[in-house]
Amino acid sequence: MKKYKIKSIALFIIILTIVAALGINGCRDDLVSTNADNLDFSATSTTDTTDVTGILRIESVKILLKDIKLNVANNNQDSTNFKVGPFVLYLNLQSPVNVISTAYIPPGTYDKVRFMVHKLEDNETPPDPDFVLLNERFSVIVKGTYNNIPFIYRSTKSAHQKLSFPNSLYVTASGKSNITLKVSPYRWFIDNGVYLDPSLEANRNNIDNNIKENINNNFKIFVDNDRNGIPD
């Protein structure tokens with residue numbers, strides 16, 4: 001009888017240990033949620049600065065993002081993680097809107113998004129080999145042609161960003177919402193109305209400054225549940 005009680009107590013302790021471990025792991029925000037994803041993070045580009053002369057053609061843009069957080073409306077101290085990262089925002093210039101990442105966030109009303117355009121640290125594993133070249137690490141990769149000559153432009157610029165939604169984002173537990181980040185990559189290669197050759201080292205400082213200024217002043221975020229690249 002005593003052996004039976006001892007075995008029962010031991011089994012009970014093991015069960016408690018497993019439950020406690022599951023509870024601790026369930027609190028970690030870097031684990032995949034068991035809930036269905038209810039929010040998509042998408043990207044699109046503007047066409048207002050596209051070079052119709054054909055001098056500059058941008059084929060693809062990759063931006064490394066980190067620590068995306070959504071701010072709970074009317075509470076500047078309360079936010080929820082969407083994506084810790086770093087991860088690649090791939091801007092497909094041939095598609096109006098493309099989904100970059102998806103996740104589950106607590107239902108509620110959100111009014112801002114925060115993130116960082118991030119240059120890889122030496123101890124971070126690159127999510128894409130394009131962001132590493134020899135001993136250098138980058139935050140933005142642009143591929144295209146200038147006067148029909150292919151180029152790859154790599155930037156090391158980093159920037160913290162906080163953007164407000166024009167209209168609040170409402171997220172439910174069972175529905176699917178979408179937010180779209182709009183980027184203007186052609187602005188990066190224009191100075192006083194003249195296109196800058198990305199292959200010339202003399203233009204690097206101007207282009208990098210344009211990238212940082214564009215991140216700070218011209219990135220736009222909005223609710224876009226119909227995924228047409230226009231604010232709802």
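Look up: the structure comes first, before these words.
Now for a look at the structure at hand. (Residues numbered from 1 in each chain as written. Predicted model: local features only at pLDDT ≥ 70, side-chain atom pairs only at ≥ 80, totals over all residues. Heavy atoms only, no water.)

Quick word on the overall build of the protein chain
Now for step 1: A count of helical and extended segments in the protein chain gives two helices and 15 strands.
Now for step 2: For the protein chain, the proportion of its 232 residues judged to be buried stands at 42%.
Now for step 3: Long-range pairs, those at least 24 residues apart, make up 73% of the contacts in the protein chain between residues at least 6 apart in sequence.
Now for step 4: Carbon together with sulfur atoms contributes 53% to the accessible area of the protein chain, which is approximately 13000 Å² in total. (Helix = DSSP H or I, 4+ residues; strand = E, 2+ residues; numbered from the N terminus. Buried < 20%, exposed > 50% of the residue type's maximum accessible area, 1.4 Å probe, protein only. Contact = heavy atoms within 4.5 Å. Areas by Shrake-Rupley, 256 points an atom, 1.4 Å probe, with all protein chains shown as cover.)

Examining the pairing of strand 10 (residues 149-155)
Now for step 1: Sheet topology note: the strand 9 (residues 140-146)/strand 10 ladder contains seven bridges and is antiparallel. Considered in strand 10, the bridge of Gly-144 is made with Phe-151.
Now for step 2: The hairpin turn running from strand 9 into strand 10, its antiparallel successor, is two residues long, and Asn-147 in that turn takes a positive phi close to 55°. (Pairing = 2+ DSSP bridges.)

Some details on unusual backbone geometry
Now for step 1: Even without glycine at this site, Leu-134 takes up a positive phi of about 55°.
Now for step 2: Residue Leu-134 is classed as exposed on the basis of its relative accessible area, which comes to 80%.
Now for step 3: In the Ramachandran plot, Asn-147 falls in the positive-phi region, its phi being about 55° despite a non-glycine side chain.
Now for step 4: Counting through the fold element by element, Asn-147 comes out in the loop between strand 9 and strand 10.

With respect to the packing of aromatic side chains
Now for step 1: For the structure shown, the criterion picks out four aromatic pairs.
Now for step 2: Between Phe-115 and Phe-219, the ring centres sit 6.4 Å apart and the planes meet at 25°, which makes this aromatic pair stacked. With Phe-115 in strand 6 (residues 108-117) and Phe-219 in the loop between helix 2 (204-217) and strand 15 (220-223), the pair connects residues that are 104 residues apart, well separated along the chain.
Now for step 3: Residue class for Phe-115 comes out buried when judged on its relative accessible area of 3%.
Now for step 4: Since its relative accessible area comes to 3%, Phe-219 is described here as buried.
Now for step 5: Ring centres of Tyr-153 and Phe-189 lie 5.8 Å apart, and the angle between their planes is 90°; this geometry places the pair in the edge-to-face category. Highlighted residues: Tyr-153 in strand 10 and Phe-189 in the loop between strand 12 (177-183) and strand 13 (190-191), separated in sequence by 36 residues.
Now for step 6: Take Phe-189: its relative accessible area is 0%, and that puts it in the buried class. (Phe/Tyr/Trp six-rings, centres within 6.5 Å; stacked < 30°, edge-to-face > 60°.)

What to know about the pattern of salt bridges
Now for step 1: All told, the structure shown has eight salt bridges when counted by the stated rule.
Now for step 2: Asp-128 is the partner of Lys-62 in a salt bridge, and the nearest nitrogen-oxygen pair spans 2.8 Å. Pair noted here: Lys-62 is in strand 2 (residues 56-72) and Asp-128 is in the loop between strand 6 and strand 7 (132-133), with a separation of 66 residues, a long-range link.
Now for step 3: Owing to a relative accessible area of 12%, Asp-128 belongs among the buried residues under this scheme.
Now for step 4: In this structure, Asp-130 engages Lys-143 in a salt bridge whose closest nitrogen and oxygen atoms are separated by 3.1 Å. Within this pair, whereas Asp-130 is found in the loop between strand 6 and strand 7, its partner Lys-143 is found in strand 9, the two being separated by 13 residues in sequence.
Now for step 5: A residue is classified by how much of its surface remains accessible, and Asp-130, at 17% relative accessible area, is buried.
Now for step 6: According to the relative accessible area criterion, Lys-143 is partly exposed, its value standing at 26%.
Now for step 7: In this structure, a network of salt bridges that share partners links the residues Lys-62, Asp-128, Asp-130 and Lys-143. (Salt bridge = Lys/Arg side-chain N within 4 Å of Asp/Glu carboxyl O.)

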